[in-house]
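Residue-level structure breakdown
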Amino acid sequence: MFSRLLRLARSRRLALGSTVALGWVSGLLAILQAWFLSRTIDRVFLGGAALQDVLPMLAVLLAALALRAAASGGMELTANAVALAVKSELRSRLLQRLSRLGPAFTGGERTGELSAAALEGVEALDAYFSQYLPQAALAAFIPLSVLLLVFPLDPLTGVVFLLTAPLIPFFMYLIGRTAENLTRRQYQVLGRLSAYLLDVLQGLATLKLLGQSRDQAGNIRQASDRFRDVTLGVLRVTFLSALTLELLGALSTAIVAVEIGLRLLEGNISFQPALFILVLAPDFYQPLRALGLRFHAGMSGMAAARRIYEILDTPLPVQPPAACPTPARGRTQSGICFERVSFSYPSRDLPALQDVSLEIPPGSLTALVGATGAGKSTLAALLLRFIEPDGGLITVDGQPLAEILPDEWRAGLAWVPQSPYLFNDTLGANLRLSKPGASHAEVGRALAMAGLEDFVASLPQGLDTPLGERGARLSGGQAQRIAIARAFLRDAPLLILDEPTSSLDPALESQLNAAIRQLAFGRTTLVIAHRLNTVREAARIYVLDGGQVAESGDHASLLQRNGLYAGLVTAQA
Amino acid sequence: MNRIRRLLAFIVPSWRWSLLAVALGALTIGASISLLATSALLISTAALHPSIAELQVAIVGVRFFGISRGVLRYAERLVSHNTTFRLLGDIRVWFYRAIEPLAPARFASHRSGDLLARIITDIETLENFYVRVLAPPLVALVALLGTSVFMGGFAPRLALVLLAFLLLAGLGLTALTLGLGRGPGRALVESRARLRADLVDGIQGLPDLLVYGQAEGHFQRLRQAESRLHRAQRRMARLTGLQSGLNTLLAGLGAWCVLRLAIPLVSGGEMQGVHLAVVALAAMASFEAVQNLPQAAQYLEGNLQAAGRLFEVADAAPEVIDPPSPASLPLQAAISVRDLHFTYPGAEQPTLDGISFELPPGKQMALVGPSGAGKSTLASLLLRFWDAPQGAIHLAGRDIRDYAQEDVRRRFGVVSQQAYLFHASLRENLLLANPSAAQDGIEAACKQAQLHDFIGSLPQGYETYAGERGVQLSGGERQRLAIARALLTDAGAFIFDEPTANLDTVTERQVIAALGQATRGRSLLWITHRLVGLEGMDEILVLDSGRIVQRGTHAGLATQDGLYRKMWELQNRVLFS
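First, a word on scope: everything that follows refers to the structure included in this document. (Residues numbered from 1 in each chain as written. Chains lettered and ligands numbered in written order. Predicted model: local features only at pLDDT ≥ 70, side-chain atom pairs only at ≥ 80, totals over all residues. Heavy atoms only, no water.)

1. Some words on the overall build of chain A
Check the secondary structure of chain A and you find 19 helices and ten strands. When burial is assessed residue by residue, chain A has 61% of its 573 residues classed as buried. In chain A, 76% of the contacts between residues at least 6 apart in sequence involve partners at least 24 apart. (Helix = DSSP H or I, 4+ residues; strand = E, 2+ residues; numbered from the N terminus. Buried < 20%, exposed > 50% of the residue type's maximum accessible area, 1.4 Å probe, protein only. Contact = heavy atoms within 4.5 Å.)

2. Considerations on the packing of aromatic side chains
Across all of its chains, the model carries 16 aromatic pairs over all chains by this definition. Centroid distance A:Phe343 to A:Tyr345: 5.1 Å. Interplanar angle 90°. Geometry classified as edge-to-face. Ring centres of B:Phe10 and B:Trp94 lie 5.3 Å apart, and the angle between their planes is 70°; on these two criteria the pair is classed as edge-to-face. Note that B:Phe10 is positioned in helix α1 (residues 2–11) and B:Trp94 in helix α3 (residues 52–99), a separation of 84 residues in sequence. Among the aromatic residues, those joined into a cluster by ring pairs are A:Tyr128, A:Phe129 and A:Tyr132. Just above the ring of B:Phe311 sits the side chain of B:Arg6; from NZ or CZ to the centre is 3.8 Å. (Phe/Tyr/Trp six-rings, centres within 6.5 Å; stacked < 30°, edge-to-face > 60°. Lys NZ or Arg CZ within 6 Å of the ring centre and 35° of its normal.)

3. Comments concerning helix α5 (residues 111–153) of chain A
Residue and element names in this part refer to chain A. The end-to-end C-alpha distance of α5, which contains 43 residues, comes to 62 Å, matching closely the 63 Å that a straight helix rising 1.5 Å per residue would cover. The axis of α5 is deflected most strongly, by about 35°, at alanine 117. In terms of burial, α5 is largely enclosed, as 31 of its 43 residues are buried. (Expected span 1.5 Å × (residues − 1). Bend = angle between axes of the 7 residues up to and from the residue.)

4. A closer look at the sheet that holds strand β1 (residues 336–343) of chain A
All names here are of chain A. Judged by pairing direction, the sheet is antiparallel, and its four strands sit side by side in the order β2-β1-β4-β5 without closing on themselves. Each end of this open sheet is capped by a strand with a single partner; those strands are β2 (353–360) and β5 (399–400). As defined by bridge partners, strand β4 (residues 391–396) adjoins β5 across two bridges and the pair is classed as antiparallel. Its bridge partner being in β5, threonine 395 is matched across the sheet by proline 400. (Pairing = 2+ DSSP bridges.)

5. Some remarks on the pairing of strand β4 (residues 390–395) of chain B
Working note: regular strand, side chains alternate between the two faces of the sheet. Residues and elements named next belong to chain B. In this structure, strand β1 (residues 335–342) lies alongside β4, joined through five bridges in antiparallel fashion. Paired with histidine 341 across the bridge in β4 is glutamine 390. Bridge analysis of β4 against strand β5 (residues 398–399) gives two bridges, and the strand direction is antiparallel. From the neighbouring strand, leucine 395 faces β5, where its bridge partner is arginine 398. Where β4 folds back onto β5 in an antiparallel hairpin, the turn is made up of two residues, including alanine 396, whose phi is positive at roughly 50°.

6. Description of a positive patch on the surface
A surface patch of positive charge is lined by A:Arg12, B:Arg228, B:Arg231, B:Arg234, B:Arg235 and B:Arg238. Mapped onto the fold, B:Arg235 is located in helix α7 (residues 215–267). (Patch = residues over 30% accessible without salt bridge, like charges linked within 9 Å, V, L, I, M, F, W, Y side chains within 5 Å. Areas by Shrake-Rupley, 256 points an atom, 1.4 Å probe, with all protein chains shown as cover. Salt bridge = Lys/Arg side-chain N within 4 Å of Asp/Glu carboxyl O. Lys, Arg positive; Asp, Glu negative; His and termini not counted. Charge placed at Lys NZ, Arg CZ, Asp CG, Glu CD.)

7. Section: helix α8 (residues 274–286) of chain B
Residues and elements named next belong to chain B. Relative to the 18 Å expected for 13 residues at 1.5 Å per residue, α8 spans 19 Å between its end C-alpha atoms, a close match to the ideal helical length. For α8, the tally of buried residues reaches twelve of 13 residues, placing the bulk of the element in the interior. Taken as a whole, α8 has its buried residues at Val274, His275, Leu276, Ala277, Val278, Val279, Ala280, Leu281, Ala282, Ala283, Ala285 and Ser286.

8. Comments concerning unusual backbone geometry
Residues and elements named next belong to chain A. Positioned with a positive phi, arginine 385 is a non-glycine residue whose angle comes to about 65°. By the element assignment, arginine 385 lies in the loop between α10 (376–383) and β4. Phi is positive for aspartate 397, which is not a glycine, with a value near 55°.

9. Quick word on the packing of helix α3 (residues 51–101) of chain A against α5(A)
Residue and element names in this part refer to chain A. For the pair α3 and α5, interaxial distance at closest approach is 9 Å and the crossing angle is 145°. For the crossing formed where α3 meets α5, the hand is right-handed. Taking contact as the criterion, the partners of Met75, Ala79, Asn80, Val82, Ala83, Val86, Lys87, Leu90, Arg91, Leu94, Leu95 and Leu98 in α3 are, on α5, Leu114, Ala117, Ala118, Leu119, Val122, Glu123, Leu125, Asp126, Phe129, Ser130, Pro134 and Leu138. Of the residues belonging to the contact of α3 with α5, the class tally is 18 nonpolar, two polar and four charged. (Axes fitted to C-alpha atoms, helices over the stretch in contact; angles between N-to-C directions. Left-handed = near helix turned anticlockwise from the far one by under 90°. Nonpolar A, V, L, I, M, F, W, Y, C, P; charged D, E, K, R; others polar.)

10. Considering the nonpolar core
If you look at the biggest cluster of nonpolar residues, it comprises 184 residues, and the most contacted ones within it are A:Leu5, A:Ile41, A:Phe129, A:Phe161, B:Leu158, B:Leu259 and B:Val290. No other element matches helix α9 (residues 271–313) of chain A, which puts 21 residues into this core. A:Ala380, A:Ala492, A:Ile496 and B:Val211 belong to the second-largest nonpolar core, a separate cluster that totals 87 residues. (Core = buried A, V, L, I, M, F, W, Y, C linked by side-chain atoms within 4.5 Å.)

11. A short note on the pattern of salt bridges
The tally for this structure, following the rule as stated, stands at 36 salt bridges over all chains. We note a salt bridge from A:Arg486 to B:Asp208, for which the minimum N-O separation is 3.6 Å. Of this pair, A:Arg486 sits in helix α15 (residues 476–490) while B:Asp208 is found in helix α6 (residues 206–211), placing the two residues in two different chains. Judged by its relative accessible area of 4%, B:Asp208 falls in the buried class.

12. Notes on the packing of helix α16 (residues 506–520) of chain A against helix α18 (residues 563–571) of chain B
Orientation of α16(A) relative to α18(B), taken along the N-to-C sense of each, is 40°, at an axis distance of 9 Å. In terms of axis orientation, α16(A) runs oblique to α18(B). Note that α16(A) runs across α18(B); the crossing there is left-handed. Contacts from A:Pro506, A:Ala507 and A:Ser510 of α16(A) reach α18(B) at B:Met567, B:Leu570 and B:Gln571. Its residues placed into classes, the contact of α16(A) with α18(B) shows four nonpolar, two polar and no charged. (Parallel < 35°, antiparallel > 145°, perpendicular 65-115°, else oblique.)

13. Details of a nonpolar patch on the surface
Together, A:Leu251, A:Ile255, B:Ile67 and B:Val71 make up a nonpolar patch on the protein surface, roughly 310 Å² of accessible area in all. Relative to the helices and strands, B:Ile67 resides in helix α3. In this structure B:Ile67 comes out as partly exposed when scored by relative accessible area, which is 42%.

14. Quick look at the side chain of B:Arg69
Among the structural elements, B:Arg69 can be located in helix α3. B:Arg69 sits in the buried class, given a relative accessible area of 9%. With residues up to four places along the chain from it excluded, the contact list for B:Arg69 reads A:Glu246, A:Arg289, B:Thr28, B:Ala31 and B:Ser32.

Here it is, written out as structure tokens:
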């Protein structure tokens, strides 16, 4: 994990190095300061010197502290540059991964948790790179430099330093392990807290309906309390480590002071080196103490990184092909074939599709009907390349679909989903999702075809009206019509419609059916529906039942067979 | 100012803890300074070769301060963080309680992604309010006083100089940071909220983005949002760097000046030489008291922004208010609607334009009509999500406004158009309707909703987790779960808003039959644009453009020349061709 994180900083090697270098210079300057300070005081206190005599040393002292200030300021800037670059890199990698893992992955996960990972998780690494890492380097260099200077002056003190110093990382390690586990749990709780709150907020209307909304306040308090307890548990331990480190530092200073004092008394050491060491003692322990303080921030970063790398390491569902002669996108000569295709969802026992074989002929309307849960949407998901079949083969003009890049494939299709997503943007932007460069006329035509003209005209801001989250201001039917308009705008050779008219009343449904008919003319179209008005004119209708193809044919012949299809039709009367 | 006052009000309940934390903080700094001062005294005295007995006090002092510093700091940290978390929990709950009455009427203009940013990010920002904004100045004040008194004991001149530098490093730097930090602080909070909202869009809307090849485009948008955040963070870092540098400079300069002033005092005999090191080291150590202050100022700005946003949302007036002493609503209540008018704020046309009907207990009524005719709006009004400005709704003979909202809603078993499933097990989703329901009751309701067999086919059955927003269930399955949930509430009246919208015709028939059985004897308002299974309804209202244009039974309306018949024919075209 550590090496992977370090590799992230590779692009900012210079900044990282500068940070450490500046810190080290700052430390050396501190030593210089201590030297001149002790000399000055020695000369005045024991040497009886006057102000003029020590002015030069005071001047050097002044210069040293000015430089030290500059160095400490510079460190902030360089450390920040490193942190920003790392966060940027990691975030974009994470997002690209999520995009390539697709809805099959993000659908099962919680949006709140994933956004927490992408935002707060990545941000947690800021402290790791801008505070923890540089401090770790400093904690190695500066005490060493001090040690090298102190030993020749007073070996005994050197020994005290030498013995106490390793104790600090040792204790840090010991306590750090426990804190790490606790921090990881804290981070998980935070993620779950985010997801839980998002859930509650999005479903607030439902909760109110069920009269459960007021009680949720209690649940939130419980969740917050749990978060507090876990975090306090972490802090109690991490503060303990800080306590130990500070005790070590302070006590060591005390020990050194007493020991030097006694030796001074006996005349084994003179005043100036004694004072020098005393002034240095805090500077010896300060980097180590600072490291201890920043340790828990560093551990939070590690925990967050772990979760992010979990996602980054998740294997991709679709393997990109080795060689790929790109066909005319979506346009097929002989159609799309499903040959004995099977698929099971990981969380369910029964397969969603079992040995399904069917053909979607080019340029005509194919319909897929069946009871709810018969596998229709699964088939659509396979065509949309969100999932890949467990068994069997899907071919396009004889070429396996798996050999075509999903993005290439999707560029040639338009999709009207069961629950279209409306983004927080203007209505116009939502429409142009399928074709960002669409002209005003094209958008207008799509609106007309989808029956949205009147609605848009009634809005004071027209196409510039912002849509609430998930189109809260729009009815189900209006959202569906926007999805249909998107498909019109796209003008793609392959069209997939998943229950396009399920929320619409008969008048609107028939209007849209006319439009769909127009849109589907000459295009390869797959319609999934149980509104049979829509599928009546399909060239071929497949009836799915329990994940298998039960019947196929056109409307008239299926009616004659008096089987499942006929049953569905009569049920509608 | 007002915001600060309100934030402080949150702390008042735990003021004793806060005071303790401040005291501990000041004592910690005192111990820190004393450690160095005593050590310097020890060495300086030892250099004069006194008897060891004279050194004893200093030795004990050094050891004592060494230990107490660590212990005091540990205690202070625990106490202040405990206070902080309590504060946070209180704020979260207060905020939820404030917005709970607002949904769903107000939420149309906010995105829940944005709202989540408000709660989580802003409240977490407020986490810093006590520890990093409020406590440091108070601690610094006490520590400064102590240090001045200590220095003054040697020479007033030194105390003045030191105090001047301490104030410069404390207040001066703070003012500088406040002035320069306002812009970056605001930018930081805003850009972070924006990024989070875009992230939610990108993850929840991933399917649509992928299909239309806009994933890359949205990704670019996210990168832009991120660079905005990073730009703000870079500005912040520059400010922090300046601050850090000035802090170090002033601390060093302060100690330097004290030394520079003390030397002539020693030469002139006004001060003992032994104390020279003491004064110098104590001056150096004293700057620890003010080093957190500029940072406090930075955090203050961010905190105020966050608090402002929270208050803005929480202060919004709810659409619907409960009466001070609500009446009690009987289980079976007659519903009576008279001349109801309603227009959505900002809409030009009224959605409901004079609706009247009676729904006594046990009556089964259907409300049909084209989309947008106002059917769902009527349901919202019956459930008191809105209050109608004109006309009246009476329950059990009293105005609906006389009852508590929650009571009204609990009396109805509702299936709404877009059923929401929580990320929890199916059983938990069902139990929401009736937390004390037994497994038998749950299964019975699911059987009636034609869902029980499906759940049986899942490997974990009722314990199966519904993915976020129930995404792993198909539309029809989600609908049936919502129906089962409504049946579980065992309410006196039912409102079904397009309950069979996503179901195939066969399942639709089965569900309608089952619903008919389950709702027998209780009032039912069935809202739909599908004219299926309405033969048994006691009355059907046909709604068009906010008005009731036809009333009657199915048999009667089917023979009349009107909207109902037109809808019927359109719907069943599949048979006639």
